[in-house]
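The residues making up each chain are set out below.
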Amino acid sequence: MRILVLNGPNLGLLGTREPEIYGRVTLAGIVESVKARAAERGVEIVHLQSDVEGALVAALGKARSSCDGVIMNPAAFTHCSVALHDAIAACGLPVVEVHISNVYRREGYRHESLTAPCCAGQITGFGPYGYILAFDALMEILSAKTVNK
Ligand code: DQA
């Protein structure tokens, strides 16, 4: 089984980016922790971070035929990207949306997600641990114990 971890704009700066909001863990650290969790279950993790909307759309298109599920933090594109909404809907895979911060405790424009309605679910506000929660949720979905694909 292969899971795509997809991270959107500015997440490559984690560790030094607004640490009072996002903490001090780097993106590499987050990906390592997900890989360690996945290794316990013999699951392969592939990772892409991009600041470019089209690259994220393309990655979802490629995942259709090469992955079993997606953990995605669309970052700022969450709140504005119809293209990512459509790409998630088209990919036909279970996608779990993650946000490091609790977007509902922040500015009003972060309360709307254009992408979440196409996702199996959304995890927000648990810091880097949200990615582990998302991985576990995907395993649950893919083992067909849950209907929320
Ligand atoms: C974020 C929340 C978004 O509103 C913001 O634009 C980000 C990061 C998060 O992980 O908390 O870049 O997705």
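None of these values were measured; they are calculated from a predicted model. (Residues numbered from 1 in each chain as written. Predicted model: local features only at pLDDT ≥ 70, side-chain atom pairs only at ≥ 80, totals over all residues. Heavy atoms only, no water.)

A.B. asks: Tell me about the sheet that holds strand β4 (residues 95-99), and name the residues and values.
C.D. replies: Strand order in the open sheet formed by five strands is β2-β1-β3-β4-β5, and the pairing between neighbours is parallel. What marks the edges here is a single partner per strand, and that holds for β2 (44-49) and β5 (121-124). The mean angle between the axes of side-by-side strands here comes to 20°, regardless of whether they run parallel or antiparallel. On the sheet, helix α2 (residues 27-39) packs against β1 (2-7), β2 and β3 (69-73) and is oriented at approximately 160° with respect to β2. (Pairing = 2+ DSSP bridges. Helix = DSSP H or I, 4+ residues; strand = E, 2+ residues; numbered from the N terminus. Axes fitted to C-alpha atoms, helices over the stretch in contact; angles between N-to-C directions. Contact = heavy atoms within 4.5 Å.)

A.B. asks: A description of α2 should follow, citing residues and the corresponding values.
C.D. replies: Between its first and last C-alpha atoms α2 spans 18 Å; for 13 residues at 1.5 Å apiece the expected length is 18 Å, and the two agree. Buried residues of α2: L27, I30, V31, V34 and A38, and no others. Seen along its axis, α2 keeps its buried residues to an arc of 95°; they face one direction. For α2, the exposed residues lying more than 90 degrees away from the buried face are A28 and A39. (Expected span 1.5 Å × (residues − 1). Buried < 20%, exposed > 50% of the residue type's maximum accessible area, 1.4 Å probe, protein only. Arc of directions from axis to C-beta.)

A.B. asks: Residue-level account of the pattern of salt bridges, with values.
C.D. replies: For side chains of opposite charge, pairing can occur when their charged atoms come near one another. For the structure on display, the rule yields five salt bridges. A salt bridge links E107 to R110, with the nearest nitrogen and oxygen atoms 2.7 Å apart. Residue class for E107 comes out partly exposed when judged on its relative accessible area of 35%. What emerges from the salt-bridge pattern is a single network uniting R106, E107 and R110. (Salt bridge = Lys/Arg side-chain N within 4 Å of Asp/Glu carboxyl O.)

A.B. asks: Break down the site of the ligand for me, with residues and values.
C.D. replies: Every residue lining the ligand is accounted for by R17, Y22, N73, A75, A76, H79, H99, I100, S101, V103, R106 and R110. Here S101 contributes a side-chain N or O atom positioned 2.6 Å from an oxygen atom of the ligand. Between the ligand and R110, the relevant distance is 2.9 Å, taken from an oxygen atom to a side-chain nitrogen or oxygen of the residue. Here the shell around the ligand is built from residues that sort into five nonpolar, four polar and three charged. (Near = heavy atom within 4 Å. Polar contact = N/O pair within 3.5 Å; in protein donor to acceptor, adjacent residues only side chain to side chain. Nonpolar A, V, L, I, M, F, W, Y, C, P; charged D, E, K, R; others polar.)

A.B. asks: I'd like a description of the pairing of β3, backed by residues and values.
C.D. replies: The buried fraction of β3 is high, at five of five residues. Judged by which residues are buried, β3 turns out to be covered on both faces: G69, I71 and N73 on one side and V70 and M72 on the other are all buried. As judged from the five bridges shared by β1 and β3, these two strands associate in the parallel manner. Within β3, the position partnered with I3 by the bridge is G69. With three bridges joining them, β3 and β4 adopt parallel strand pairing. Residue pairing across strands places I71 opposite V96, the latter belonging to β4. Assessed by its sense of winding, the connection that carries the chain from β3 through helix α4 (residues 82-91) to β4 is right-handed. (Right-handed = clockwise from strand over helix to strand, strands pointing away.)

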